[in-house]
Amino acid sequence: MPTVSAHVALTLAQHIDAVFGVMGNGNAYFLDALEKQTEATFTAVRHEQGAVVAADAHFRASGRIAAGTSTYGAGFTNTLTALAESVQAHVPLVLVVGDEPTSGPRPWDVDQIALASAVGARTYTVGRADAAATTVIAIEHALTYRVPVVLAIPYDVASLEAGEVPAAPSPRVPGPLAPRGAFAEGMLDQIAASLAGAERPFLLAGRGAWLSGASTALGELAKATGALTASSALGRGVFPETQYDLGVTGGFGADGAMELIHTADVAVVFGASLNQFTMRFGELFAPGTTVFQIDIAPAATHAHVGGFVRADARVAAEALVDRIGTTTIAAPWRESVDVTSARAYDDGDDLAPDGRLDPRSAARRIAEMLPEDRIVVSDGGHFIGWANMYWPVAAPDRMMMVGTAFQSIGQGWPSVVGAALARRDSTIVLTSGDGGGLMAIADLESAVRAAGGRGMAVVWNDAAYGAEVNLYGLKGLAEAPMRIPEVDFAAFGAAVGAEGVVVRTLADLDRLEAWTAEDPSSRRFLLLDLRISGDVIAPYQQEIIRVNS
């Protein structure tokens, strides 16, 4: 007879085909059923945090919900930082965990429901009679609210026989949020009129616009109004006409592009939260710019927004296209500016004054050699500026920064695992610092095993926690706690089957060019250990330093 754990596994596998995790006492029966009785793919990671990170990255890369799993107690508490990241990034996933028995906690148990709640995740606990239905409810909750949920299996229930698995309805997800009421319709009329009458119209879109499928409608709107476009860091590539796109706004943006945005007279924002980084700490738009926002949030998310419509980005963009119609713009702003020059970044020097590699020139040279069909996953830290500035990607699901929503580091290696399973034909490129790379080093092995020759990593190795040096070392605080002895990441990679290359000059990057030309089925995972200068500060960090000084 199927057990309660089998009910969970069999029901979950009807809707989720990828599960990541670490096996332990609390999830042993679940994993046994998953492996023996379903077609779902289980991929082992080496730290429980990686189970959630991999499931998170899988969704960001594919749009398909995935699951993580861990045991109870220490296994569960190891997932909390990654769980908090997924909550704050609005990433749906299911974390299947063991839990204390129904008879009460044992000495090693903790209140897992309270801990999950503390980081914003709801817990659903299965019983002998309702395991299948509860599993579907958990999946539906994750998809409806775009959040991770915890699905708990009490220890003394896990192996109980529960009869045949009952049929359970499929998860139901609400449709797109349409504008409601006379005020929303009137505001759309006002936005359309403002765009039609603008001399320098500008459209900004974020990840929310991509998730809503707004790309085509936004392209039509930009064409109809002659607007220049740009995206948030998580929305890059959402606009189809790149020749009129200024790239990423905020500290990752080029100075020339940000100067153009500052001259816009009307700006409409779709599916972007307008956080402090996107908004350049309040200086993205000029004081006279009329700013509208369209989002599914309950209200405008920045003080500079003058008009707000709560709606799905695609639905609203299509409504605006209908309102503007086939209006001909006599002299479109976007035809009058040199977008290519505005988007240019500093090439950097071959070596910085301290004799170490200049990260700008290294990023530029790597960009020339990266496979075109690539998914870039990023850890957190000072280095995030380099890939975000110099490595363009074709769409938002090709650049993921797992960790930045919660301002955490150490989630890079397991991100490769989830992205590799989600996009089996693309090359997965990790960009990581030495601090975050060391924090999660156990899952270097997972990344190499999961991606193989379709994976590579660039470690920006400045022998420091660079962000802390820039923010606090420059203020005169003690730097010893901010420094890391220089680590040989190339040797770490070789120890788990990767090819490791220490990069001290641009010529050392020639190996990447040769590797790219090789057959992914026969080459090894490539780890580039870039010995960069910490004296070259990324522009976005310079903004933070300015604000905090």
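Please read all numbers here as calculations on a predicted model, not as lab measurements. (Residues numbered from 1 in each chain as written. Predicted model: local features only at pLDDT ≥ 70, side-chain atom pairs only at ≥ 80, totals over all residues. Heavy atoms only, no water.)

We now examine the packing of helix H8 (residues 181-197) against helix H12 (residues 313-324). One way to put it is that H8 packs onto H12 with a least axis distance of 9 Å and a crossing angle of 60°. Between H8 and H12, the angle is such that the two are oblique. Considering how the two elements wind past one another, H8 and H12 form a crossing that is right-handed. On the side of H8, the interface is formed by Glu185, Leu188, Asp189, Ile191, Ala192 and Leu195, while H12 contributes Ala316, Ala319, Leu320, Arg323 and Ile324. When its residues are assigned to classes, the contact of H8 with H12 shows eight nonpolar, no polar and three charged. (Axes fitted to C-alpha atoms, helices over the stretch in contact; angles between N-to-C directions. Helix = DSSP H or I, 4+ residues; strand = E, 2+ residues; numbered from the N terminus. Parallel < 35°, antiparallel > 145°, perpendicular 65-115°, else oblique. Left-handed = near helix turned anticlockwise from the far one by under 90°. Contact = heavy atoms within 4.5 Å. Nonpolar A, V, L, I, M, F, W, Y, C, P; charged D, E, K, R; others polar.)

Let us now look at the sheet that holds strand E14 (residues 399-401). The six strands lie next to each other as E14-E13-E15-E16-E18-E17, forming an open sheet whose pairing is parallel. Each edge of the open sheet carries a strand with a single partner, namely E14 and strand E17 (499-503). When strand polarity is set aside, the average angle formed by the axes of neighbouring strands in this sheet is 15°. (Pairing = 2+ DSSP bridges.)

A word on the pairing of strand E7 (residues 201-205). Buried residues dominate E7, accounting for five of its five residues. A two-sided burial pattern is seen for E7, the buried positions comprising Pro201, Leu203 and Ala205 on one face and Phe202 and Leu204 on the other. Relative to strand E10 (residues 266-270), E7 runs parallel, the two sharing five bridges. When the bridges of E10 are listed, Phe202 appears paired with Ala267. As paired elements, E7 and strand E8 (residues 228-231) share four bridges and run parallel to each other. Opposite Leu204, over in E8, you have Ala230 as the bridge partner. (Buried < 20%, exposed > 50% of the residue type's maximum accessible area, 1.4 Å probe, protein only.)

The next thing to look at is the packing of aromatic side chains. In total, this model carries seven aromatic pairs according to the counting rule given. Their ring planes at 70° and their centres at 5.3 Å tell us that Phe252 and Tyr540 sit as a pair that is edge-to-face. Residue Phe252 is located in the loop between strand E9 (245-248) and helix H11 (255-262), and its partner Tyr540 is located in helix H22 (residues 539-548); the two are separated by 288 residues in the primary sequence. Comparing Phe252 with Tyr540 shows no difference in burial state: the two are buried. Where Phe277 meets Phe281, the ring centres are 5.8 Å apart and the plane angle is 85°; that geometry is what we call edge-to-face. For Phe277, a relative accessible area of 30% puts it in the partly exposed group. Over the ring of Tyr155 we find Arg106; its NZ or CZ atom is 4.8 Å from the centre of that ring. The aromatic ring of Tyr244 is capped on one face by Arg334, whose charged end is 3.9 Å from the ring centroid. (Phe/Tyr/Trp six-rings, centres within 6.5 Å; stacked < 30°, edge-to-face > 60°. Lys NZ or Arg CZ within 6 Å of the ring centre and 35° of its normal.)

The next point concerns the environment of Asn548. Within the element layout of this structure, Asn548 appears in helix H22. Considering only alpha carbons, one finds Asn548 and Tyr472, 76 residues apart in sequence, at a separation of 9.8 Å. Once you skip the residues sitting within four places of it in the chain, Asn548 turns out to touch Leu471 and Lys475.

Right, let's talk about the nonpolar core for a bit. Ranked by size, the top nonpolar core spans 53 residues in total, and within it Phe20, Val150, Val377, Trp413, Val416 and Phe525 carry the most contacts. In terms of residue count, helix H3 (residues 48-62) provides more of this core than any other element does, eight residues in total. Leave out the neighbours within four places in its chain, and Val416 touches Val377, Ile428, Leu430, Ala447, Ala451 and Phe525. Listed in part, the 40 residues of the second largest apolar core include Val376, Val429, Trp515 and Val536. (Core = buried A, V, L, I, M, F, W, Y, C linked by side-chain atoms within 4.5 Å.)

What follows deals with unusual backbone geometry. When glycine is set aside, most residues are seen to have a negative phi, and most peptide bonds are trans. The phi torsion at Leu274 lies on the positive side, around 60°, for a residue other than glycine. Summarising the element assignment, Leu274 is placed in the loop between E10 and strand E11 (290-295). Positive phi outside glycine occurs at Arg280, with the angle close to 50°. Assignment of secondary structure puts Arg280 in the loop between E10 and E11. For Arg280, a relative accessible area of 21% translates into the label partly exposed.

Remember, this is a structural readout, not a statement about activity or role.
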